[in-house]
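Listed below are the residues making up each chain.
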Amino acid sequence: MSQPEHSPPAGLAGDVRGVLAITAFRRLWSTFALSSFGDWLGILATTSLAGTLATSPAAEYLAVSGIFILRLAPAIVFGPLAGALADRFNRRTVMIVGDGLRFLLICTIPLVGTLWWLYVATLLIECVGLFWAPAKEAAMPNFVPRDKLETANQLSLVADYGTAPVAALLFSGLALVNTPLHAVMPGLDASGDYLALWVDALTFLVSAVVVWTITFPPVAHEVSARAETLWRTIVDGWQFVVRTPLVRGLVAGMLGAFAAGGLVIGLAQRFVKDLGAGAAGYGVLFAMVFLGMALGMALGPRFLAGFSRRRLFGLSLTVAGAVMVVLSLIPNIVIVALVTVVLGAAGGVSWVCGYTLLGLEVEDEVRGRTFAFVQSLVRVVLVGVLAAAPLLAAGFDSLFNLPFTINIGTVSLTYTGAMVTFFVAGIATIITGVLAYRQMDDRKGVPLLSDLSDALRSNTHHDGGHEAGPHPVPGMPGATVPFAAPGGEHPAYDGLPGVFIALEGGDGAGKSTQGALLKQWLESLGRHVVVTREPGGTDAGRAIREIVLHGSHISPRAEALLYAADRAHHVESVVIPALHRGDVVITDRYIDSSVAYQGAGRDLGTDEVLQLSRWATCGLVPTLTVLLDVTPEVGRQRRGDVHDRLESEPDDFHARVREHYLQLAAADPGRYLVIDAALPPEEIHRRVRERLTPLVEVAP
Ligand SMILES: Nc1ncnc2c1ncn2[C@@H]1O[C@H](COP(=O)(O)OP(=O)(O)OP(=O)(O)O)[C@@H](O)[C@H]1O
Ligand SMILES: Cc1cn([C@H]2C[C@H](O)[C@@H](COP(=O)(O)O)O2)c(=O)[nH]c1=O
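Reading guide: rules and limits
Residues numbered from 1 in each chain as written. Chains lettered and ligands numbered in written order. Predicted model: local features only at pLDDT ≥ 70, side-chain atom pairs only at ≥ 80, totals over all residues. Heavy atoms only, no water. Near = heavy atom within 4 Å. Polar contact = N/O pair within 3.5 Å; in protein donor to acceptor, adjacent residues only side chain to side chain. Areas by Shrake-Rupley, 256 points an atom, 1.4 Å probe, with all protein chains shown as cover. Helix = DSSP H or I, 4+ residues; strand = E, 2+ residues; numbered from the N terminus. Pairing = 2+ DSSP bridges. Axes fitted to C-alpha atoms, helices over the stretch in contact; angles between N-to-C directions. Contact = heavy atoms within 4.5 Å. Nonpolar A, V, L, I, M, F, W, Y, C, P; charged D, E, K, R; others polar. Expected span 1.5 Å × (residues − 1). Buried < 20%, exposed > 50% of the residue type's maximum accessible area, 1.4 Å probe, protein only. Patch = residues over 30% accessible without salt bridge, like charges linked within 9 Å, V, L, I, M, F, W, Y side chains within 5 Å. Salt bridge = Lys/Arg side-chain N within 4 Å of Asp/Glu carboxyl O. Parallel < 35°, antiparallel > 145°, perpendicular 65-115°, else oblique. Left-handed = near helix turned anticlockwise from the far one by under 90°. Phe/Tyr/Trp six-rings, centres within 6.5 Å; stacked < 30°, edge-to-face > 60°. Lys NZ or Arg CZ within 6 Å of the ring centre and 35° of its normal.

Asks: Hey, could you run me through the site of ligand 2 in this one?
Replies: Ligand 2 sits among 13 residues. The nearest are Asp 507, Tyr 563, Arg 589, Ser 594 and Gln 598. A distance of 2.7 Å separates an oxygen atom of ligand 2 from a polar atom in the side chain of Asp 507. Note that a nitrogen atom of ligand 2 is positioned 2.7 Å from one of the side-chain N or O atoms of Gln 598. Relative to its free-state accessible area of 480 Å², ligand 2 is covered by the protein chains to the extent of 93%. Of all elements in the fold, only α18 (539-550), α19 (556-581) and α20 (591-601) reach the threshold of two or more residues within the shell around ligand 2. Looking at the shell around ligand 2 element by element, the count peaks at 4 residues for α20.

The following block contains the structure:
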């Protein structure tokens, strides 16, 4: 994987520069932009040409819709097949051949110049695009580090949709310059469609050449994948989506989002007309949706940088649904226009989160198939919704005898079938969002509102700066710790106002349960509390968590280093800022987990592992560590059937872990509270409170 050639500054612009500094990605991205631009220009030129080539006004309407149907239909029929094939072939080759074929096919349209060939060529171009798109989507995550994938996805979406207005402007410009050109070049038609098609073809040729210059990172599975049967590959891809709860939730959520979006698009014209706003209002509404989407995609993930992406996905969907309900209930064009920005923003956030999560959570081997399934299903849903929306609205009109007007004082509100459809779709989207949230939640036990406010506060802290500057850390060139901490071994940690509590113990000991109870209690005392965890308290940490807990085999030393890496980033970006604000930080696991699990459990040496974590954290030590002492048998019973990599270790591994935890606590009783985890949760909580009361009461 290529690395950035220089260290970029922080912030959105910095992130974007950081990703674009990866030369191979920059080139790949330029091909995305070129191909998308070509697609938009192609849509405009082919639909316009279809209208021109039709022989009557009625035929004109059918000819134009025929182009749209032909653009959507191949995905429904061939989408999964194309995705499976894209996974089996070299992605670079698929992209070069795909762009080359599209160049040739587009050239044939003005050369043949008939409506039937326009249809055939459109169908073939779309079929080629079906192979190109999953190859592109599946290749991209291999070009950027995992923590930059979200920014890369945002850039990819900009390439996908930001090129649409540019193509539209160029299309209009080409129509203008076509008039003098047409006089001297008889091969061009009078309307400028052929000229647009020639330019369109050129974009695909350039894109093919650019892809040809890019070296793709090697993909381990390519050779073995070729040995599988095609049918097996398709079935595996489909089963992967259906059987993996996270991906299932993600795909269902994304389809819900598209269904809602399709419904808004399908009924927007009618809805605006019902509001008495006409074509101008329609234009404004569209502009607002796109403005909102752009804002949501660009700013949402940044504004909530520390917030779980899985939670954000479900949450943004739910917000989108709620906004649709508001839209349906307040039929006033000004309010609708404003609220539509929020709808677009929520849709944009869920879209970028969904794509990022698919890129992160789906293994490279089946990623192409998964993206292809999603893309095909999205199209099926869009076609269905676009067809059903007017029927539904008309059905509601006759069922409820609409329109119906309510007069509230001087305000009169008129409800139509379009609004009832929006209302129903909004409720359905809320349900989808809530289900996706519940199925994908990776912060169970952490209340949503406080999680959100923690993320917002951390963000404000990062972006807003603070009075004391960051401290350079001796021995770590370039690293800084913003402030001093209580109980730290490093002088930079002296005097941090917060309280740092670590919850430790074997798997299933009840740490999350106690963390949630503790937070509730501390908040009732008026303290601000940050509940976090290791591994996975940050975005980068969540990616590390996937590798260490759910990935394939990794060597014990690599595992120890990954936990240390997660910890280093967690401490610097979440724990220290919160302690500086004077918050109480409760972390579910910290250094002792590494010492017990990797040092004793994996037998890597407890001293070495401790040194590694001390270095990673610049010696930040918790104010108090609560050790919930659980036997391997009880822990196993509580965990049930689901086991991650560490949990699947045999009981003697967990016995070594437990033994070492107890040794650590015995060596420093002043800093540990050991509690029998078999006690009832309320009793454990009472004991923790008793010990913590003096610590949290003296603090501000
Ligand atoms: N004191 C207790 N007595 C009995 N059951 C408990 C107790 N505390 C928690 N449990 C139950 O045990 C299970 C594991 O609890 P919890 O998720 O809080 O543990 P954990 O240590 O955070 O787990 P892990 O480390 O595996 O993530 C849950 O079903 C929870 O309801
Ligand atoms: C921090 C840390 C964790 N582990 C292990 C311990 C658990 O099996 C998992 C974390 O899962 P949980 O559900 O969040 O308890 O990872 C470890 O081996 N080393 C560590 O440093």
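So that's the structure; there's more coming.
Asks: Could you clarify how one ought to interpret the sheet that holds strand β9 (residues 672-676) in this entry?
Replies: Adjacent strands of a sheet form backbone hydrogen bonds with each other and so pair up, either parallel or antiparallel. Reading across from one edge, β6-β7-β5-β8-β9 is the order of the 5 strands in this open sheet, with parallel pairing throughout. Two strands lie at the open edges of the sheet, namely β6 (529-533) and β9, each paired on one side alone. Strand-to-strand twist in this sheet, taken as the mean axis angle between neighbours without regard to direction, amounts to 20 degrees. Against the sheet, helix α17 (residues 511-524) touches β5 (499-505), β6, β7 (584-588) and β8 (624-629), its axis set at about 170 degrees to β7.

Asks: How do you make sense of the site of ligand 1 when you look at a structure like this?
Replies: Near ligand 1 lie 15 residues; those nearest to it are Gly 510, Lys 511, Ser 512, Thr 513 and Leu 679. In this structure, an oxygen atom belonging to ligand 1 sits 3.3 Å away from a side-chain N or O atom of Glu 647. Contact with the protein chains covers 66% of the free accessible surface of ligand 1, which is 630 Å². Counting only elements with at least two residues in the shell around ligand 1, the list comes to α17 and α24 (681-698). With 3 residues, α17 is the single largest residue contributor to the shell around ligand 1. Looking at the shell around ligand 1 residue by residue, the class counts come to 6 nonpolar, 4 polar and 5 charged.

Asks: Looking at this model, I keep getting lost on α17. Mind explaining?
Replies: Note on helix geometry: an α-helix contains 3.6 residues per turn, so any two residues three or four positions apart are oriented the same way. Compared with an ideal rise of 1.5 Å per residue, which puts 14 residues at 20 Å, α17 spans 20 Å between its outermost C-alpha atoms and is within 8% of the ideal. Of the positions making up α17, those classed as buried are Lys 511, Gln 514, Gly 515, Leu 518, Lys 519, Trp 521 and Leu 522. Gly 526, located one to two residues past α17, shows a positive phi value of around 90 degrees.

Asks: Got a minute to help me understand a nonpolar patch on the surface in this structure?
Replies: Together, Val 326, Leu 329, Ile 330, Val 334, Ile 335, Leu 338, Phe 423, Val 424, Ile 427, Ile 431 and Leu 435 line one region of the surface with nonpolar side chains, adding up to about 900 Å² of accessible area. For the nonpolar patch, the leading source of residues is helix α15 (residues 417-440), giving 5 residues. One can find Leu 329 in helix α12 (residues 309-329). Under the relative-accessibility criterion, Leu 329 is labelled partly exposed at 43%.

Asks: I keep staring at the environment of Gln 439 and nothing clicks. Help me out?
Replies: Tracing the backbone shows Gln 439 in helix α15. Overall, Gln 439 belongs to the partly exposed group, its relative accessible area being 35%. Along the primary structure Gln 439 and Arg 248 are separated by 191 residues, whereas in three dimensions their C-alpha atoms are 8.9 Å apart. Filtering out sequence-adjacent residues up to four positions away, Gln 439 remains in contact with Pro 245, Arg 248 and Gly 249.

Asks: Looking at this model, I keep getting lost on the packing of helix α4 (residues 91-112) against helix α7 (residues 193-212). Mind explaining?
Replies: Any two packed helices are characterised by the angle at which their axes cross and by the distance between the axes. Close contact between α4 and α7 brings their axes to 8 Å; oriented N to C, the two are set at 165 degrees. Classified by the angle their axes make, α4 and α7 are roughly antiparallel. Between α4 and α7 lies a crossing whose hand is left-handed. Facing Arg 92, Met 95, Ile 96, Asp 99, Gly 100, Arg 102, Phe 103, Ile 106, Cys 107, Ile 109, Pro 110 and Leu 111 of α4, the residues of α7 in contact are Tyr 194, Leu 197, Trp 198, Asp 200, Ala 201, Leu 202, Phe 204, Leu 205, Ser 207, Ala 208, Val 211 and Trp 212. In the contact of α4 with α7, the residues fall into 18 nonpolar, 2 polar and 4 charged.

Asks: It is not clear to me how the packing of aromatic side chains should be interpreted in this structure. Could you clarify?
Replies: The relative placement of two aromatic rings is captured by the distance of their centres and the angle of their planes. In this structure the tally under the stated criterion is 7 aromatic pairs. A centroid spacing of 6.5 Å and a plane angle of 80 degrees characterise the contact between Tyr 597 and Tyr 661, whose relative ring orientation is edge-to-face. Note that Tyr 597 is positioned in helix α20 and Tyr 661 in helix α23 (residues 651-667), a separation of 64 residues in sequence. Both residues of the pair, Tyr 597 and Tyr 661, belong to the buried class. One aromatic cluster is present, formed by Tyr 597, Phe 653 and Tyr 661 through successive ring pairs. The residue whose ring lies beneath Lys 136 is Phe 32, and the NZ or CZ to ring-centre distance is 4.7 Å.

These results come straight from atomic positions and should not be treated as a statement about function.
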